[in-house]
Amino acid sequence: MLSSRGKAASMLRSSHRNWEGANRFLCNGRIMLGPEVNVCLLTFFLCCLPAATFLAGVAPFTSDDESQCTIIGCVGAFIFFLTSGAFWTAACRDPGVIPRSMDTESGRTHRFALNQRHIINGFEVELKFCTTCQIFRPPRASHCAVCNNCVRRFDHHCPWLGTCVGVRNYRPFLLFVFSAASGCVYFSYFSVLRLVSST
């Protein structure tokens, strides 16, 4: 038996051929990229370049002790692989796209009622109607104009990932940002140390 999450994932994989959004799919719908794949690849190249420069040109020469250089290089490689893994997880995962309505008549019936109010857990919540996707969006969902989809807990459309950041890829996105920042600090510190010691 498939769980509700498994059913939704299999439904998404089978419906990727009829997708009306701007996303691109790989591996029979298992990988969902944003519309800006070239930007995604450029970002990954920009992550690889300083890491490769550090591992080849800085880490082996940071100390006279070879074991210390190995440890410094291993930590740098770990930060790079952590950044790469978080980057590809955030870029290739479904951000929480809400499926569009297949009912073509719903746009006509909800033309004048673009908002609905519901009581959820004792709080009154306003659901807004998306005229593009023909659905009532849940709270904190928004329509991304670049990807042309409604996304649950939409945070922003990331120009570096080339896709939206939402409920399903928010944690890998944060891990990518923090690991990339720590990599910048780590690589810069030992690069400056190498420059100072060589002069």
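These numbers come from a predicted model, not from an experiment. (Residues numbered from 1 in each chain as written. Predicted model: local features only at pLDDT ≥ 70, side-chain atom pairs only at ≥ 80, totals over all residues. Heavy atoms only, no water.)

### Regarding the overall build of the chain
Formally: Secondary structure elements are taken from DSSP: a helix is a run of H or I of four residues or more, a strand is a run of E of two residues or more, and numbering for both begins at the N terminus. For the exposure calls, accessible area comes from a 1.4 Å probe over protein chains only, and a residue counts as buried if that area is under 20% of its type's maximum, exposed if over 50%, partly exposed in between. Residue contacts are counted whenever heavy atoms from the two residues lie within 4.5 Å of one another.
Tallying secondary structure elements over the chain gives five helices and ten strands in all. Each of the 199 residues in the chain was classed as buried or not, and the buried ones make up 36%. Residue pairs in contact within the chain that sit at least 24 positions apart in sequence constitute 51% of those at least 6 positions apart.

### Quick notes on the confidence of the model for the chain
Test applied: Think of pLDDT as the predictor's per-residue confidence, scored from 0 to 100.
Averaged over the chain, the pLDDT score is 82; the fraction of residues at 70 or greater is 83%. Across the chain, the secondary-structure element scoring lowest on mean pLDDT is helix 4 (residues 106-109), at 50, and the one scoring highest is helix 3 (residues 66-92), at 93.

### Examining the pairing of strand 4 (residues 115-120)
What counts, and what does not: Strand pairing is assigned whenever DSSP identifies at least 2 bridges connecting the two strands.
Alignment of strand 4 against strand 5 (residues 123-130), held across six bridges, turns out to be antiparallel. Residue pairing in the sheet places Asn 115 in a bridge with Lys 128 of strand 5. Between strand 4 and the antiparallel strand that follows it, strand 5, lie two residues; Asn 121 among them carries a positive phi value of about 55°.

### What to know about a nonpolar patch on the surface
Put simply, the rule reads: Nonpolar side chains (Val, Leu, Ile, Met, Phe, Trp, Tyr) within 5 Å and like charges within 9 Å form the patches, drawn only from residues with over 30% relative accessible area and no salt bridge. Working definition of accessibility: Shrake-Rupley area with a 1.4 Å probe, residue cover restricted to the visible protein chains. By definition here, a salt bridge exists when the distance from a side-chain nitrogen of Lys or Arg to a carboxyl oxygen of Asp or Glu is within 4 Å.
On the surface, Leu 42, Phe 45, Leu 46, Leu 49 and Trp 160 cluster together into a nonpolar patch covering about 520 Å² of accessible area. As for its placement among the helices and strands, Phe 45 is situated in helix 2 (residues 37-58).

### So, the packing of aromatic side chains
Heads up, the rule is: Pairing of aromatic side chains here covers Phe, Tyr and the six-membered ring of Trp, requires ring centres within 6.5 Å, and sorts the geometry by plane angle: under 30 degrees stacked, over 60 edge-to-face, intermediate tilted.
Summed over all chains, the structure comprises twelve aromatic pairs. Look at Phe 44 and Trp 88: their rings are 5.2 Å apart centre to centre, the planes differ by 55°, and that puts the pair in the tilted class. Pair noted here: Phe 44 is in helix 2 and Trp 88 is in helix 3, with a separation of 44 residues, a long-range link. Assessed through its relative accessible area of 22%, Phe 44 is described here as partly exposed. With a relative accessible area of 28%, Trp 88 lands in the partly exposed category.

### With respect to the nonpolar core
Using the following cut-off: By nonpolar core is meant a set of buried Ala, Val, Leu, Ile, Met, Phe, Trp, Tyr and Cys residues that side-chain atoms within 4.5 Å join together.
Residues Cys 40, Cys 47, Ala 86, Phe 87, Ala 90, Ala 91, Cys 158, Leu 161, Val 165, Phe 173 and Phe 176 constitute the largest nonpolar core, which totals eleven residues. Among residues more than four places away in sequence, those in contact with Ala 86 are Pro 172, Leu 175 and Phe 176. In this structure, Val 58, Ala 59, Phe 80 and Phe 190 belong to the second largest nonpolar core, which totals ten residues.

### Thoughts on the environment of Gly 183
When you line up the elements, Gly 183 lands in helix 5 (residues 170-198). Accessibility expressed as a relative area gives 4% for Gly 183, which makes it buried. Along the chain, Gly 183 and Gly 76 lie 107 residues apart, while their C-alpha atoms are 7.2 Å from each other.

### Structural notes on the side chain of Asp 94
Heads up, the condition is: Throughout this description, a polar contact denotes any pair of N or O atoms lying within 3.5 Å of each other; where both atoms belong to protein, one of them has to be capable of donating a hydrogen while the other can accept it, and for residues adjacent in sequence the pair is counted only when both atoms sit in side chains.
Mapped onto the fold, Asp 94 is located in the loop between helix 3 and strand 3 (97-98). Among the polar contacts made by the side chain of Asp 94, one reaches the main-chain amide nitrogen of Val 97 at a distance of 3.1 Å. Within the structure, the side chain of Asp 94 is placed 2.4 Å from the side chain of Arg 168, a separation counted as a polar contact.

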